[in-house]
Amino acid sequence: LVTGVFVDGAMKLSRVDKEMELLDKAYKLFQRSDEDGSGDITWDEFQSRLESPEMSEFFEALEISSTRADDLFQLIDRSQDGKLSLEELVAGGLMLQGPA
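About the criteria used
Residues numbered from 1 in each chain as written. Predicted model: local features only at pLDDT ≥ 70, side-chain atom pairs only at ≥ 80, totals over all residues. Heavy atoms only, no water. Axes fitted to C-alpha atoms, helices over the stretch in contact; angles between N-to-C directions. Helix = DSSP H or I, 4+ residues; strand = E, 2+ residues; numbered from the N terminus. Parallel < 35°, antiparallel > 145°, perpendicular 65-115°, else oblique. Contact = heavy atoms within 4.5 Å. Nonpolar A, V, L, I, M, F, W, Y, C, P; charged D, E, K, R; others polar. Expected span 1.5 Å × (residues − 1). Buried < 20%, exposed > 50% of the residue type's maximum accessible area, 1.4 Å probe, protein only. Core = buried A, V, L, I, M, F, W, Y, C linked by side-chain atoms within 4.5 Å. Lys, Arg positive; Asp, Glu negative; His and termini not counted. Salt bridge = Lys/Arg side-chain N within 4 Å of Asp/Glu carboxyl O.

Caption draft 1: Representation of the packing of helix α4 (residues 69-76) against helix α5 (residues 86-97) within the structure. As a packed pair, α4 and α5 sit with axes 9 Å apart at the nearest point and diverge in direction by 110°. In terms of orientation, α4 lies roughly perpendicular with respect to α5. For the pair α4 and α5, the contacting residues are Leu72, Leu75 and Ile76 in the first and Glu88, Leu89, Gly92, Met95 and Leu96 in the second. Tallied by class, the residues present in the contact of α4 with α5 amount to six nonpolar, one polar and one charged.

Now the structure itself:
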């Protein structure tokens, strides 16, 4: 019983750690990608950062290849306006990250 409680607690911490790591990476990516300071990332801004360390880290955290960038952008652009808000980037990342 004690082992089960310990393992459950460790798994919850691992999930929280992954989520916090993703939040940090998404925020850094957003700050560097919003080139015009509009509060949104356009596809052009997103695409121009594909080779950046921040983008690589974000894709690694999601366990997705950067060759799927267009698919990812379209999927997490919930408003379908061709731009990503910070909220869309974070929510989409969390949705795609899955369990720890």
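Caption draft 2: Spotlight on α5. For α5, spanning 12 residues, the distance from its first C-alpha to its last is 16 Å, which sits close to the expected 16 Å at 1.5 Å a residue. Of the positions making up α5, those classed as buried are Glu88, Leu89, Val90, Gly92, Gly93 and Gln97.

Caption draft 3: Spotlight on the nonpolar core. With 19 residues, the main nonpolar core has Phe46, Phe58, Phe59, Leu72, Leu84 and Leu89 as its most contacted residues. Every element with two or more residues in this core is listed here: α1 (2-33), α3 (53-62), α4 and α5. Top element by residues in this core is α3. It accounts for five residues. Other than its neighbours up to four places away in sequence, Phe58 contacts Leu22, Lys25, Ala26, Leu29, Leu72, Leu89 and Gly93.

Caption draft 4: Representation of the packing of α3 against α5 in the model. As a packed pair, α3 and α5 sit with axes 9 Å apart at the nearest point and diverge in direction by 40°. Packed against α3, whose contacting residues are Phe58, Ala61 and Leu62, the element α5 presents Leu89, Gly93, Leu96 and Gln97 at the interface. Here the contact of α3 with α5 is built from residues that sort into five nonpolar, two polar and no charged.

Caption draft 5: Region of the structure containing the side chain of Glu45. With respect to the element layout, Glu45 can be found in helix α2 (residues 43-48). Put simply, Glu45 is tucked away with no salt bridge, and the nearest opposite charge, on Lys83, sits 9.2 Å away. Not counting residues within four places of it along the chain, the set of residues in contact with Glu45 comprises Ser33, Asp34, Glu35, Asp36 and Asp40.

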